[in-house]
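Chain by chain, the residues run as shown.
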Amino acid sequence: MTARPDRVFTDGPLAGLEAWAVAIPMEIRYRRLRERRAVLIRGPAGWGEFSPFEEYDDLVAARWLASAHESASQPLPPPVRDRIPVNVTVPPVSARRAAALVRDSGCRTAKVKVAEAGQDFSQDLSRVAAVREALGEGGFLRVDVNGAWEVEEAEARLGALEEFDLQYAEQPCATLSELAELRRRTGVPIAADESIRSGASPEQIASSGAADILVMKVQPMGGVRRMLEWASRTGLAVVPSSALETSVGLAAGLAAAASLPTLPYACGLATSSLLAGDVVGDPLAPDGGEMHLRRPEPEPELLERWRPPEDVASCMIARTERSADLLGCL
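Peer 1: Pulling in residues and values, what's your account of the overall build of the protein?
Peer 2: When its secondary structure is counted, the protein shows eleven helices and 13 strands. Whereas a compact globule of 330 residues would reach a radius of gyration of roughly 20 Å, the protein reaches 19 Å, a difference of no more than 12%. Seen through its principal axes, the protein has C-alpha atoms that stretch 55 × 40 × 40 Å. The proportion of buried residues among the 330 residues of the protein is 55%. Looking at the protein as shown, the accessible area adds up to about 13600 Å², and 49% of this sits on carbon and sulfur atoms.

Peer 1: Now, about the packing of aromatic side chains: what can you tell me, with residues and values included?
Peer 2: One pass over the full model with this rule turns up six aromatic pairs. Here the aromatic rings of phenylalanine 53 and tryptophan 64 are separated by 5.7 Å at their centres, their planes lie at 80 degrees, and the arrangement is edge-to-face. With phenylalanine 53 in the loop between strand E4 (46–50) and helix H1 (58–73) and tryptophan 64 in helix H1, this pair connects stretches of sequence that are eleven residues apart. Tryptophan 64 matches phenylalanine 53 in its accessibility class, with the two residues each being buried.

Peer 1: Account for the pattern of salt bridges, naming residues and giving values.
Peer 2: For the structure on display, the rule yields 22 salt bridges. Close ionic contact of arginine 307 with aspartate 6 constitutes a salt bridge, the shortest N to O distance being 2.8 Å. Taken together, the residues arginine 307 in the loop between helix H10 (300–305) and helix H11 (310–325) and aspartate 6 in the segment before strand E1 (7–8) connect sequence positions 301 residues apart. When salt bridges with common partners are traced through the structure, they connect Glu152, Glu155, Glu181, Arg184 and Arg185 into a single cluster.

Peer 1: I'd like to hear about the packing of helix H3 (residues 121–135) against helix H4 (residues 151–161), residue by residue, with values.
Peer 2: Two numbers describe a pair of packed helices, the interaxial angle and the distance between the axes. Orientation of H3 relative to H4, taken along the N-to-C sense of each, is 30 degrees, at an axis distance of 11 Å. In this structure, H3 crosses over H4, and the sense of that crossing is right-handed. Contacts between H3 and H4 involve Phe121, Leu125 and Val128 on the former and, on the latter, Arg157, Ala160 and Leu161. Residue classes in the contact of H3 with H4 are distributed as five nonpolar, no polar and one charged.

Peer 1: Pulling in residues and values, what's your account of the state of the cysteines?
Peer 2: Enumeration according to the criterion identifies zero disulfides in this entry. Between cysteine 107, a cysteine without a disulfide, and cysteine 267, which holds the nearest cysteine sulfur, the sulfur-to-sulfur distance is 11 Å. Given a relative accessible area of 4%, cysteine 107 falls into the buried group.

Peer 1: Now, about unusual backbone geometry: what can you tell me, with residues and values included?
Peer 2: At alanine 115, a residue that is not glycine, the phi angle is positive and equals roughly 65 degrees. Here alanine 115 lies in the loop between strand E6 (109–113) and H3. Positive phi outside glycine occurs at glutamine 171, with the angle close to 45 degrees. Inspection of the secondary structure assignment puts glutamine 171 in the loop between strand E8 (166–170) and helix H5 (176–185).

Peer 1: Can you lay out the pairing of strand E5 (residues 83–90) for me, pointing to particular residues and giving the numbers?
Peer 2: For E5, the tally of buried residues reaches six of eight residues, placing the bulk of the element in the interior. Judged from the three bridges that link them, E5 and strand E13 (residues 290–292) form a sheet pairing that is antiparallel. Considered in E13, the bridge of isoleucine 84 is made with methionine 291. Two elements, E5 and E6, share three bridges in a ladder whose sense is parallel. When the sheet's bridge partners are listed, valine 88 is paired in E6 with alanine 110. The handedness of the E5 to E6 crossover, carried by helix H2 (residues 95–105), is right-handed.

Peer 1: So, the nonpolar core: which residues are in play, and what are the values?
Peer 2: Of all hydrophobic cores here, the largest spans 107 residues; its most connected members are Ile84, Val131, Leu158, Leu161, Met216 and Val279. Aside from chain neighbours lying at most four places away, what touches isoleucine 84 is Leu254, Ala257, Ala258, Leu263, Cys267, Leu269, Gly289, Glu290 and Met291. Tyr168, Ile213, Val215 and Val239 belong to the second-largest nonpolar core, a separate cluster that totals five residues.

Reading the values: the criteria
Residues numbered from 1 in each chain as written. Predicted model: local features only at pLDDT ≥ 70, side-chain atom pairs only at ≥ 80, totals over all residues. Heavy atoms only, no water. Helix = DSSP H or I, 4+ residues; strand = E, 2+ residues; numbered from the N terminus. Rg over C-alpha atoms; globule rule 2.2 N^0.38 Å. Buried < 20%, exposed > 50% of the residue type's maximum accessible area, 1.4 Å probe, protein only. Areas by Shrake-Rupley, 256 points an atom, 1.4 Å probe, with all protein chains shown as cover. Phe/Tyr/Trp six-rings, centres within 6.5 Å; stacked < 30°, edge-to-face > 60°. Salt bridge = Lys/Arg side-chain N within 4 Å of Asp/Glu carboxyl O. Axes fitted to C-alpha atoms, helices over the stretch in contact; angles between N-to-C directions. Left-handed = near helix turned anticlockwise from the far one by under 90°. Contact = heavy atoms within 4.5 Å. Nonpolar A, V, L, I, M, F, W, Y, C, P; charged D, E, K, R; others polar. Disulfide = S-S within 2.5 Å. Pairing = 2+ DSSP bridges. Right-handed = clockwise from strand over helix to strand, strands pointing away. Core = buried A, V, L, I, M, F, W, Y, C linked by side-chain atoms within 4.5 Å.

So this is what it looks like as structure tokens:
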């Protein structure tokens with residue numbers, strides 16, 4: 001069986017590449033998404049994924065497309081390791097569900113989403129407490145705030161969470177200046193995620209005093225090589241993470257993690273279980289808290305299974321083409 005591509009590009013920077021649109025329902029609601037849409041691109045070097053979130057404009061999305069183009073057109077960098085420690089990601093679910101996700105994952109590190117719209121801090125506390133109990137004292141626990149707190153609020157809430165022995169807090173405040181101020185007020189290590197994509201240079205991130213750790217995602221950074229080069233200029237520890245991708249996108253994240261000189265923290269790449277399906281028969285998933293470096297290829301029947309309605313696929317391909325026109329602006 002073969003799966004007909006939605007588009008074969010004949011000119012421009014994507015000339016010679018083929019594209020398939022897919023839309024996979026979410027198994028667990030995350031980022032208020034009901035489904036994850038992606039354009040998978042095949043080229044001489046393999047497969048790449050283009051899956052920017054709907055709210056991003058075409059110029060932002062172009063960086064995600066640069067990553068997909070790199071994966072499809074260039075060999076991945078040589079690895080220095082073939083096993084990648086990973087964390088389980090805990091969405092804003094009930095405390096009981098959170099504990100079950102951690103126990104079922106086999107991971108010894110958990111990242112817990114907090115500050116979800118429509119929930120209050122008591123729910124965050126219950127979720128974090130349940131995850132800490134499921135991990136046990138030897139496990140590592142992180143929280144991800146997605147920039148939702150003001151400095152004073154973050155200081156108070158991290159103080160309340162310190163009893164759970166946080167490894168770090170990811171993006172507790174929105175801006176670099178706020179993170180720097182919070183970092184002076186708390187003993188909890190601070191990781192920057194969204195701030196990395198705000199337009200600051202690596203040197204500005206490092207010199208701002210805003211973060212102890214960088215959470216970096218291959219697609220938003222513009223590809224594996226750009227992420228590795230960017231990381232090398234900061235001098236800070238890096239946690240390669242997922243942007244809620246299929247296993248095609250996760251493979252690029254694994255390649256980046258495998259190529260970093262050091263990897264002191266478990267990576268946020270074990271997210272395939274958040275989707276109700278995948279485009280590969282054997283999705284990239286943790287085994288005993290680690291993921292093995294490999295690059296599975298989409299299967300034709302799965303590309304067909306997750307093909308969206310024609311109008312949706314057309315919009316996705318059109319966005320890909322608009323973003324391709326902007327690759328020269330990066």
